[in-house]
Amino acid sequence: MSIKENVAEVRAKIARAAKESGRNAEDIILVAATKMNDAERVKEAVKAGIDVAGENRVQELLEKYEQGAYEGVPLHFIGTLQTNKVKYLIGKVAMIESVGSIKCLAEISRLAKKHDIVQDVLIEVNIGDEESKSGIPAEELEGFLEEAAGFENIRVRGLMTIPPIFGEKEEQSQIFCKMRQLFVDMSAKKYDNISMDFLSMGMSGDYEEAIRCGANIVRVGTGIFGARHYH
Ligand SMILES: *Cc1c(COP(=O)(O)O)cnc(C)c1O
């Protein structure tokens, strides 16, 4: 199937899942996870109507950015971010979805100030509590947000998570529901510079379930571009 057909199919599934959870398809943002797909393929996805391009690796982002791959859609950074690479992103990305440390936030805020912008970010939550080192553990999130509220040139727009891969569907739903509850809890608190607008969760294998559990950003790679070829 072509990228265009894939995007149409993903859109249809998003619409169905949104409806099942009492929302509209337009409330869900489709991020195409573009890693390992070249500029031409990314452009095809943009033309097919994705909402956002999501890139994982800074180097890859810079190459494709130069090639105009993302023209026409906002760009989100969705990968693990090293503090010393933040400087390459500021001014290019509409949102950094994967902030997982105060050190990283501080550097984003410092550089955003230099660029005279306020950078939108999501905080990555490690909800599965597995060995994966990326993301803030759920029980530390409240303290993290209190600290994050102090950074002038940052605006926290919500939460993001990459759940562990489970065989069991119920277990995966539980993780999404836990994340949803955390999102609701944090929304009830009022911090400066923080508005809980977005919950980013769900990838090709589970975005429909994520939407039914409250996600309003889904990040789909394989479902749009087909299997990635690692070499
Ligand atoms: C690759 C990736 C995705 C998309 O994964 P697929 O299973 O190919 O849909 C989503 N989020 C992040 C952070 C990714 O790295």
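How each quantity is defined
- Residues numbered from 1 in each chain as written.
- Predicted model: local features only at pLDDT ≥ 70, side-chain atom pairs only at ≥ 80, totals over all residues.
- Heavy atoms only, no water.
- Helix = DSSP H or I, 4+ residues; strand = E, 2+ residues; numbered from the N terminus.
- Contact = heavy atoms within 4.5 Å.
- Buried < 20%, exposed > 50% of the residue type's maximum accessible area, 1.4 Å probe, protein only.
- Pairing = 2+ DSSP bridges.
- Right-handed = clockwise from strand over helix to strand, strands pointing away.
- Near = heavy atom within 4 Å.
- Polar contact = N/O pair within 3.5 Å; in protein donor to acceptor, adjacent residues only side chain to side chain.
- Areas by Shrake-Rupley, 256 points an atom, 1.4 Å probe, with all protein chains shown as cover.
- Nonpolar A, V, L, I, M, F, W, Y, C, P; charged D, E, K, R; others polar.

**Here's the deal with the environment of Ser109**
Mapped onto the secondary structure, Ser109 falls in helix H4 (residues 102-114). Along the sequence, Ser109 and Asn56 sit 53 residues apart, while their C-alpha atoms lie 20 Å from each other. Each residue touching Ser109, except ones within four places of it in the same chain, is listed here: Phe151, Glu152, Asn153 and Ile154.

**Quick look at the pairing of strand S5 (residues 119-126)**
In terms of residue burial, S5 counts as a mostly covered element, since 8 of its 8 residues are buried. Where strand S4 (residues 95-99) and S5 come together, 3 bridges link them in parallel fashion. Bridged to Val99 within S5 is Ile123. Where the polypeptide runs from S4 across H4 and back to S5, its parallel neighbour, the crossover connection is right-handed. Of the strand pairs in this sheet, S5 and strand S7 (residues 154-161) are connected by 7 bridges, and their pairing is parallel. Directly across from Gln119, in S7, lies its bridge partner Ile154. By the bridge criterion, 2 bridges tie S5 to strand S6 (residues 136-137) in an arrangement that is parallel. When the sheet's bridge partners are listed, Val125 is paired in S6 with Ile136.

**Examining the side chain of Ser173**
Looking at the element boundaries, Ser173 is found in helix H6 (residues 169-188). Judged by its relative accessible area of 18%, Ser173 falls in the buried class. Here Ser173 is in contact with Glu209 and Cys213, once residues within four sequence places are set aside.

**Digging into the site of the ligand**
Taken together, Ala33, Lys35, Asn56, Ile78, Ile162, Met203, Ser204, Arg219, Val220, Gly221, Thr222 and Arg228 make up all the residues around the ligand. One of the side-chain nitrogen or oxygen atoms of Thr222 is found 2.5 Å away from an oxygen atom of the ligand. Taking Arg228, its side chain carries an N or O atom lying 2.8 Å from an oxygen atom of the ligand. Taken by itself the ligand offers 390 Å² of open surface, and the protein chains cover 88% of this. A breakdown of the residues in the shell around the ligand according to their chemical character gives 5 nonpolar, 4 polar and 3 charged.

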